[in-house]
Amino acid sequence: MDMKAYIDEAESALLHTYNRYQIVFDKGEGVHLYDINGKEYLDFCGGIAVFALGYSNEAYKSALKEQVDKIIHTSNYFYNVPAIEAAKALKKASGMDRVFFTNSGAEAVEGALKAARKYAYLKDGRTDHEIIAMEHSFHGRTFGALSVTGNPKYREAFEPMIGGVKFATMNDLESVKALVNDKTCAIIFETVQGEGGIYPATKEFIEGVRKICDEKDILLILDEIQCGMGRTGTMFAWQNYGVKPDIMTSAKGLTCGVPGGAFLMTEKVAQNSLKAGDHGTTYGGNPLAAIATATVLSEYEKLDILGNVKEVGAYLYEKLDALAAKLGKGVIKDHRGLGLMQGLEFVNPVGPIIEKCMANGLVLINAGANIIRFVPPLVVSKADVDEMIKILEKCV
Ligand SMILES: *Cc1c(COP(=O)(O)O)cnc(C)c1O
């Protein structure tokens, strides 16, 4: 079938919840994607910050293939070796103490919120605890995650949300302080806001929130689903700031393509929140997803992924700054980000530019109407950055 026929079939069978680009992808190699006609694309989207290792990591692929032949699923009523190895490696990478594996990012956020409410409940027995989240945040599409997502457009038609959520302004400590009271059980934000437009937390903000949390025994939940797993040059973005969350979430690059996620917590929270029977999942941490995580983490060390992110991330920053200067303030409003998570804010909507890039063999994604987001596989090279800049400049 040709591309158009596939797309027509898709649109007659799939629920139309995405306005998709008119491309049917077939395979990937390195940092390149190929559509079913064999056309090559340089990928600066990475499945939205997912394919950290690129598409040709042999250790990853063979680990999954071997696991398929051994066993894909058991049950969380039993132990399995890949999950044990993945948990151990993730503890080491994060410095957190306990892991719960999920199937997605949204599900990791759900678990984090439940843990925070249970922690507060065990302290004071109340059932009216509040959570402070940030405007322009994104935490996922399930009800709990949606309830803390600071974008009314995503929430409105699905009200009522879970109760007790209040929204503060990211990087405005006073706006958080104004919402804290004796019912507050958690403050949640993305260390670097992703969907909202690539806004890193400032050091003053994250330190200030940490201090409030310490003073009032409120739990700090950092959503590292997009900005974690090495994307900003440290394993988790909060490690750039020298503060530690009480609970954190991970997904996307954590499994690099196999559905998966996790929430992690300190021992103190673990001892005083979710207990046997309080939370569960059928698939979470099954051998296939877990071998993916364990292999991803060992490949990060072997390939020095963090080193590459620091080097190529700085190079990308330089090149995008130069492009912004060349195009001028009439075209580009701002450039920001950390490591290989950067955003270029245009004066006008970027949809047409992204379409043009696709036609010219470059996959990019937006974050909000006016912002192009750069979240390539973490194995990209400086030469890939040069090629991307060349195509982007031509298309602008
Ligand atoms: C993608 C994302 C989520 C949701 O993850 P899913 O796997 O799509 O459920 C949550 N938080 C952040 C910051 C994300 O980028």
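Within each chain, residues carry numbers counting from 1 in the order of the written sequence. Local features in a predicted model are, by the rule used here, given only for residues with pLDDT of at least 70; side-chain atom pairs are given and counted only at 80 or more, and totals for whole chains, interfaces and linings are based on all residues. The side-chain numbers reported here are obtained from all heavy atoms of the structure, hydrogens and water having been left aside.

1. Some points on the overall build of the protein chain
Summing up its helical and strand segments, the protein chain has 14 helices and 17 strands in all. Radius of gyration means the value over C-alpha atoms here, while the globule rule gives 2.2 Å times the residue count to the 0.38 power. Against the compact-globule benchmark of 21 Å for 396 residues, the protein chain has a radius of gyration of 21 Å, which places it among compact chains. By the burial criterion, 52% of the 396 residues in the protein chain qualify as buried. A separation of at least 24 residues holds for 71% of the contacts in the protein chain among residues at least 6 apart in sequence. Total accessible area on the protein chain stands at roughly 17,800 Å², and carbon and sulfur atoms take up 55% of it. If you average the places of the 43 positive and of the 50 negative side-chain charges in the protein chain, the two averages end up 3 Å apart. Here a strand is any run of E in DSSP of at least two residues, a helix any run of H or I of at least four, and the numbering for each starts at the N terminus. Each residue's exposure class comes from its accessible area (1.4 Å probe, protein chains only) as a fraction of the maximum for that residue type: buried when under 20%, exposed when over 50%, partly exposed otherwise. Residue contacts are defined here by distance: any two heavy atoms, one from each residue, within 4.5 Å place the two residues in contact. Throughout, the Shrake-Rupley method with a 1.4 Å probe supplies accessible areas, and for residues the shown protein chains are the sole cover considered. Within this scheme the basic residues Lys and Arg register as positive and the acidic residues Asp and Glu register as negative, but His and the chain ends are omitted. A charged residue contributes its charge at one atom only: NZ of Lys, CZ of Arg, CG of Asp or CD of Glu.

2. Focus: the domain arrangement of the protein chain
An automatic or database domain assignment provides the domain bounds reported here. In terms of domain boundaries, the protein chain breaks down into domain 1 (3-57 + 304-395) and domain 2 (71-303). Each partner contributes residues to the interface: domain 1 has 28 residues there, and domain 2 has 29 residues. Interface area lost by domain 1 to domain 2 is led by Leu306, Leu338 and Met341, which between them contribute 26%. Each salt bridge in this description consists of a side-chain nitrogen of Lys or Arg and a carboxyl oxygen of Asp or Glu lying within 4 Å of one another. The tally of links from domain 1 across to domain 2 stands at 1 salt bridge. As a salt-bridge pair, arginine 373 and glutamate 195 come within 2.9 Å of each other at their nearest N and O atoms. The definition of a polar contact used here is a pair of N or O atoms within 3.5 Å, where within protein one atom must be able to donate a hydrogen and the other to accept one, and adjacent residues in sequence count solely through side-chain atom pairs. Joining domain 1 to domain 2, the criterion identifies 13 residue pairs in polar contact (both at pLDDT 80 or more). Of all elements in the fold, only helix H2 (46-49), helix H12 (305-327), strand E13 (332-338), strand E14 (341-346) and strand E17 (371-374) reach the threshold of two or more residues within the side of domain 1 that touches domain 2. Once two parts are brought into contact, the accessible area they lose, counted with a 1.4 Å probe and summed over both, makes up the buried area.

3. Some words on the pattern of salt bridges
Applying the stated criterion across every chain yields a total of 25 salt bridges. Between arginine 336 and glutamate 345 there is a salt bridge whose closest N-O contact spans 2.9 Å. One exposure class covers both arginine 336 and glutamate 345, and it is buried. Via salt bridges that share partners, Lys333, Asp334, Arg336 and Glu345 belong to a single interconnected network.

4. Focus: the nonpolar core
Phe44, Phe189, Phe374, Met388 and Leu392 are the most contacted members of the largest nonpolar core, which totals 95 residues. The dominant element in this core, judged by the number of residues it contributes, is helix H11 (residues 287-302), at 9 residues. When residues of this core are assigned to domains, at least three fall in each of domain 1 (3-57 + 304-395) and domain 2 (71-303). Leaving out residues up to four positions away in the same chain, phenylalanine 44 has contacts with Leu316, Leu362, Val363, Leu364, Arg373, Phe374, Val375, Pro376, Val380, Asp384, Val385 and Met388. Ala133, Ile221, Met265 and Ala270 belong to the second largest nonpolar core, which has 27 residues in total. Working definition of a nonpolar core: buried Ala, Val, Leu, Ile, Met, Phe, Trp, Tyr and Cys residues. They are joined through side-chain atoms within 4.5 Å.

5. Quick word on the sheet that holds strand E16 (residues 365-366)
The pairing criterion is simple: DSSP has to find at least two bridges between the two strands. With respect to topology, 4 strands assemble into an open sheet ordered E13-E14-E17-E16, the strand pairing being antiparallel. Strands at the two margins of the open sheet, each flanked by one partner only, are E13 and E16.

6. Observations concerning the packing of aromatic side chains
What characterises a pair of aromatic rings is the spacing of the ring centres plus the angle enclosed by the ring planes. Each Phe, Tyr or Trp ring, with Trp reduced to its six-membered ring, pairs with another whose centre is within 6.5 Å; inter-plane angles below 30 degrees give stacked pairs, above 60 give edge-to-face pairs, and intermediate values give tilted ones. One pass over the structure, following the stated rule, counts 5 aromatic pairs. Ring plane angle 85 degrees and centroid distance 5.2 Å describe the contact between phenylalanine 25 and tyrosine 41, whose orientation is recorded as edge-to-face. In this pair, phenylalanine 25 sits in strand E1 (residues 25-29) while tyrosine 41 sits in strand E3 (residues 40-43), placing the two residues 16 residues apart along the sequence. A relative accessible area of 3% means that tyrosine 41 is categorised as buried. Two conditions define a charge located above a ring, namely a distance within 6 Å from the ring centre to NZ of Lys or CZ of Arg, and an angle within 35 degrees of the ring normal. Looking at arginine 141, its charged tip hangs above the ring of tyrosine 154, at a distance of 4.1 Å from the centre.

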